[in-house]
Structures are given as structure tokens and as C-alpha cells.
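# Structural overview for review
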Amino acid sequence: MPEPVLQPVNDTLVLPAPLPLDGGQVLENVAVAYETSGTLNSDKSNVVLLFHALTMDQHVVGTHPKTGKPGWWAKSVGPGKVIDTDHFFVICANVLGGCMGSTGPASIAPDGQPYAMRFPVITIRDMVRAQVALLDALGIEQLHAVIGGSMGGMQALSFAANWPARTRAALVIASTARHSAQNIAFHEVGRQAIMADPKWKGGDYGSGKGPENGLAVARMAAHITYLSEEGMHEKFGRKLQDRAEKTFGFDADFQVESYLRHQGLSFTDRFDANSYLYITRAMDYFDLAEEVPGEDGGGKLASAFAGSEVRFCLISFDTDWLYPTSESRGIAHALNAAGAPVSFVELSAPFGHDSFLLDVPAQDRVIAGFLG
Amino acid sequence: MSVALRPDLALIAAHVGPGARVLDVGCGDGALMAVLRDTRAADARGLELDQHNVAECVARGLSVIQGDADADLAYYPDASFDYAILSQTLQTTKRPDLVLGELLRVGRKAFVSFPNFAHWRVRASLLWGGRMPVTRLLPVAWYETPNIHHVTVRDFRALVADQGYKLEGEWFLSGDHAISPAAAAWRAEHAVFLLSR
């Protein structure tokens, strides 16, 4: 029995077997960096696997090594918190393609050079497959629950549909079963901003200064999609930044401009541009009905869940226009048609897509109740 | 359960067989579902419009989908439940006849409960006051009530006969007292029907 831990534990596992990918390639020596909190019980039945969103990583609870800020869900994960580490052993792994210790485009290929754009295009299911391999290595047969918001929700759906025996429950927050044309369009803007930056150099920017301007613009565009119009209006309105008058120039006159520029710039300190390309591509490729075609040959989401005994809970937010309520409701209807036990609720919160990370007491009650 | 079930819900709970698959349409805070799960080992699912109620249900460990009886029953497969339950909700739907048809499509049997608009207090209010009634069971004024299709015991029996549904059982309540079917048209505040196709 491991000793109880208060601080999260960080570790990296190199998968013992090659990882086959949906694109047909195979990756050798895949590293999976992960954080754990809480104590694994003797029959390994108290495990909750958290999946992180696009620009997050395994640092759920612990201080982020690059930013020095608290983990992305420290508010909700910990002793006595909504996801109570006095009861649950919580694992979160950096996704395949990421840049915080798991194998990604910045990793060194067998020829001694970084993969860069030679890294294979990966899918959401490939990310999940790497994490299933981590569970295998840790000897964890069945999870108490998988939980994810946004891209994490896609992984939770993919996990539950492809490996239904490996979890008893799946909690999917502010997510979707497939990327819409609008979702793909926003991501393409970001990717083109990165690729248009001369410092990108076809991906071969090495370990030095990469396409920071391009990555910052990508982050700025994406960040707008994470907020609601109402939330932006409340926070910034047309307020000017540290000045009394408009300058009749192109400085960041408006607070919202200054905020976005700051978001963009600070993002480049902690994220790799090629990782951003690969992970957004994986999200764009995600279509669960296509991924798990079922016996009828595909196209119907319900088939992806046929015979599933996994308990599902879906949460959406009324101000989230990135993955709006209709997406979650569609998943709930598909699960219903498959006869799976499913809950779905749209919660009111003013913060847009980012609501799942912020203070929404109703979400806390739903999560705690669902986890039991 | 620390709080006693509403009398019509208690009646329904008493007539659901053990281990049944149940869909509670308009399940509110999940009180009936929790009793069915805990005392009847039922596999209970719910459909509820109000997000606070849905959150409350999920917090109780129940499987409930936020949705609308008029629109969302269409997403449930045929005969996927032993019982579909519609308690105190029929009179709030846009098309009670269609909702009833959907209930008996997704459920092999359906429990339907509603406040009887021909109770003598309601009749008296209309007859002597000329006003839409505001009573214990219908506490909201006409302009803000969610009850858009008031229905009486006789109306409901006529609809059941018109549609050719089978009447499997009927129970009538005034407060928590049982009222005989013969006196129900005047004296029942609440009616509970069990139907099949």
C-alpha cells in the first residue's frame, strides 16, 4: 500500500509496447507524463482519470512548473473537494502530442532530431490509447470514472465508447461528439497564423525561439471562443487601457486588446507551436460516430454506445457557443437511444466555454452527486 | 427518505413492480425516482425541464435528462420502459393527447396523474364567483399558471376511450384520502390513471 500523499506526485512512464495510431503508423518509446493525487486503494477501484483540455496539461493540482500558477483544476480536486482525493486516486496525463513531458512533436525522434512535422498526425483516440496503456502499466483494470471538459470531454467519450469495460462512469463537460465546421474554422485560423510566422520554418524551429507571434495570434483567436459575449462586455466593455483618450493609432487602446495580447504572449512561454498544430488537428478529426461505427456500419452516434453499461453525465453551459448545449443534448439522446444510463443538464453560467473551469456551484453539486 | 412522498406519487410507487424499468417524465427533484430506486430496485430514468431540479436529481445519483415532455420523448425507443410516469405534468404540455401517445409508445404502461378541474371547489369558484379558481392544488392565477390544458376526470376518461387505450387502474384522492370512482368527478382533487395500449 502506498502512503497517503497530500502533494501530487509527478511521474513519467515510457510505454513498454509500441503505440499503434489511427493514421496507421506506430510510435516507439512513447513517454506519458502524469500527475496523481490521493491514495490508490488495495483493489485499485478508486481511480478517477481526468482528461485535460487543449492547452492544459497533467498539472491539475500541483503548481505549474512553467507558470508557477496553481493547477488548472486545483479548485475542484483535492482533500474534501468536489473530486475528493481523500476517496479517489486522481490521475491526469499529458496527452500524446503535448509538450509537458509526454511524447509530442518536440520530442526527439529515433534519428536524434526532434520530430517536428515528421510527427504523425494523431487523433483523440490515439491520445486515449496512450492513457489506456498507462492504466495497463499501472495495473488498473477499471476506473471509477473518467472526467473531462472540452477536449477532455472528447477523450472521455472516446474512452467510454472504445473501452467501455475500463470505466464505470463518464462525465463529459462542455464538449462535443464531433467538431463542427465552425470549430474547425477557428482552429484553421490559429494554425495558419502559426504557419505564416517566418520563425515557424516548416516546423523546424528547434528548441530556440519559435513562431511566437503566430502562436500568440492563434491563442488570441481561440481565447475569444472560450468567453461569452456577455462576459467580455461585463469585463471589458469599451474601456480604454491605462489612457484617457483613444490614441488614433494601433496600440492596444482597448482593455480587451491588451488582455488578448497578454493572453497570447504568456501562452508562448508555456506551449509549443507544433504541439498546438497537432492537438488542434486531432480535435478537428474527432467524430465519435465515425470512430466507433458499430454494427450498422456507422454514422449514428447511438451505435457508438450500443450495449454500454457505463453511466454517463453530460453538462453544458448556456453561454458556451463553442460547444453549445445542442451538442451535449444530441449525445444524451444518442445514449438514451442506446439505453445507457445518462444524465444531462444545461447549467447557467456567465463565463462561456470556460465556465467548466470557473466557480459554478451547480456544477460542483452535479459532479459530486454523480461520482457518488 | 425523510420527507413523505406526495400522495399521488406514493400511490404510483405502491403499484410499480420490483425491478421495473421506469421513465419519470417531469420528475421534479427526483423524489419518486429515489423511492422507486431504493424500495422497488427500479431502474429509474427521468426527464425534467428545470435545470435546478435536474442538478438536484443528478446530485442524488439519479439519471435525469434535461428536456421537455412535448419534444424530447421522441428520442426514446419504443417499449424501452415497463412504466412511463407523467405526474402533475399532463396539463402543462402543449399537446396532452400526443404526449399520452408518446408515453404509451416508450412505456408498456403509463401512470398519469393530474389535478381534477371539475372538483367542487373549482366548480363553485366558476359558478358563484365567475372567476378562474385559485385553490390549494391550483394556487397560481390564470395569467401565470403553467397549467395550459386544464382537464377533468371525465375529460380524461373520454380521451382514453377515444384513443382506444386500456384502463388498467384508477385512483382518486382528496388530500391523502381515497375517493371512490363514482364520486370522483366532483370530489377528487387528484386523479391517478394507469393505462396500456
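Positions within a chain are numbered from 1, following the residues in the order the chain's sequence is written. Think of it this way: whatever chain is written first is A, whatever ligand is written first is 1, and the rest follow in order. For a predicted model such as this one, the threshold for reporting local features is a pLDDT of at least 70, and the threshold for listing and counting side-chain atom pairs is 80 or more; totals across whole chains, interfaces and linings nevertheless cover every residue.

## Comments concerning the overall build of chain B
Put simply, the rule reads: The way it works is that DSSP assigns letters per residue, a run of H or I at least four long becomes a helix, a run of E at least two long becomes a strand, and they are numbered from the N terminus. Radius of gyration here is computed from C-alpha atoms only, and the compact-globule reference equals 2.2 Å multiplied by the residue count raised to the power 0.38. Residue pairs are scored as contacts if the distance between their C-beta atoms, which are placed from the backbone, is within 7 Å.
Tallying secondary structure elements over chain B gives eight helices and eight strands in all. Its C-alpha radius of gyration of 16 Å places chain B within 12% of the 16 Å reference for a compact globule of 197 residues. For chain B, the spread of C-alpha atoms along the three principal axes comes to 50 × 35 × 30 Å. For chain B, the proportion of contacts with a sequence separation of at least 24, taken over those separated by at least 6, is 61%.

## A closer look at the pairing of strand 1 (residues 21–25) of chain B
Residues and elements named next belong to chain B. Inclusion rule: Our exposure labels follow a C-beta count within 10 Å of each residue's own C-beta, placed from the backbone: buried means 20 or more other C-beta atoms, exposed means 12 or fewer, and partly exposed covers the counts in between. Strands are labelled as partners when DSSP assigns at least two bridges between them. When the strands point away from the viewer, a crossover counts as right-handed if the route from the first strand across the helix to the second turns clockwise.
Most of strand 1 sits out of view: four of its five residues are buried. Sheet topology note: the strand 1/strand 2 (residues 43–48) ladder contains five bridges and is parallel. Bridge pairing links Arg21 to Asp43 in strand 2. In the classification by handedness, the crossover that spans strand 1, the intervening helix 2 (residues 31–40) and the parallel strand 2 is right-handed.

## Side note on the environment of A:Ile147
Residue and element names in this part refer to chain A. By the element assignment, Ile147 lies in strand 9 (residues 145–149). Among the residues examined, Ile147 registers 30 C-beta atoms within 10 Å and is labelled buried. Sequence separation between Ile147 and Leu371 is 224 residues; the distance between their C-alpha atoms is 9.9 Å. For Ile147, the contacting residues outside a window of four places in its chain are Val48, Leu50, Ala156 and Leu171.

## Section: the nonpolar core
All names here are of chain A. Spelled out, the test is: Residues of type Ala, Val, Leu, Ile, Met, Phe, Trp, Tyr and Cys that are buried and joined through C-beta atoms within 7 Å form what is called a nonpolar core. The domain boundaries here were taken from an automatic or database domain assignment.
Counting 168 residues, the largest nonpolar core has Ala170 and Leu171 as the members making the most contacts within it. Mapped onto the domain boundaries, this core takes at least three residues apiece from domain 1 (9–179 + 286–371) and domain 2 (183–281). Excluding residues that lie within four positions of it along the chain, Leu171 makes contacts with Ala145, Ile147, Ala156, Cys313, Ile367 and Phe370.

## Quick look at the interface of chain B and chain A
Where we set the bar: Under this grouping Gly is polar, as are all residues other than the nonpolar Ala, Val, Leu, Ile, Met, Phe, Trp, Tyr, Cys and Pro and the charged Asp, Glu, Lys and Arg.
Tallying the contact residues gives 15 residues for chain B and 21 residues for chain A. Taken together, the elements giving at least two residues each to the side of chain B that touches chain A come down to helix 3 (51–59) and strand 3 (63–66) of chain B. The greatest single-element share of the side of chain B that touches chain A, amounting to five residues, is contributed by helix 3 of chain B. Here the side of chain B that touches chain A is composed, by residue class, of nine nonpolar, five polar and one charged.

## Points about helix 2 (residues 151–162) of chain A
All names here are of chain A. Spelled out, the test is: How far a helix is expected to stretch is found by multiplying one less than its residue total by 1.5 Å.
Helix length check: helix 2 (12 residues) gives 16 Å between terminal C-alpha atoms against 16 Å at 1.5 Å per residue, within 8%. Counting buried positions over the 12 residues of helix 2 gives 11, a clear majority of the element. For helix 2, the set of buried residues is Met151, Gly152, Gly153, Met154, Gln155, Ala156, Leu157, Ser158, Phe159, Ala160 and Ala161.

## Quick notes on the pairing of strand 4 (residues 31–37) of chain A
Residues and elements named next belong to chain A. With six of seven residues buried, strand 4 is to be regarded as a mostly interior element. Pairing of strand 1 (residues 9–14) with strand 4 involves six bridges; the strand directions are antiparallel. Across the sheet, residue Asn10 finds its bridge partner in strand 4, namely Glu35.

## Description of the environment of B:Thr39
Within the secondary structure layout, B:Thr39 lies in helix 2. By the C-beta count within 10 Å, which is 13 here, B:Thr39 ends up partly exposed.

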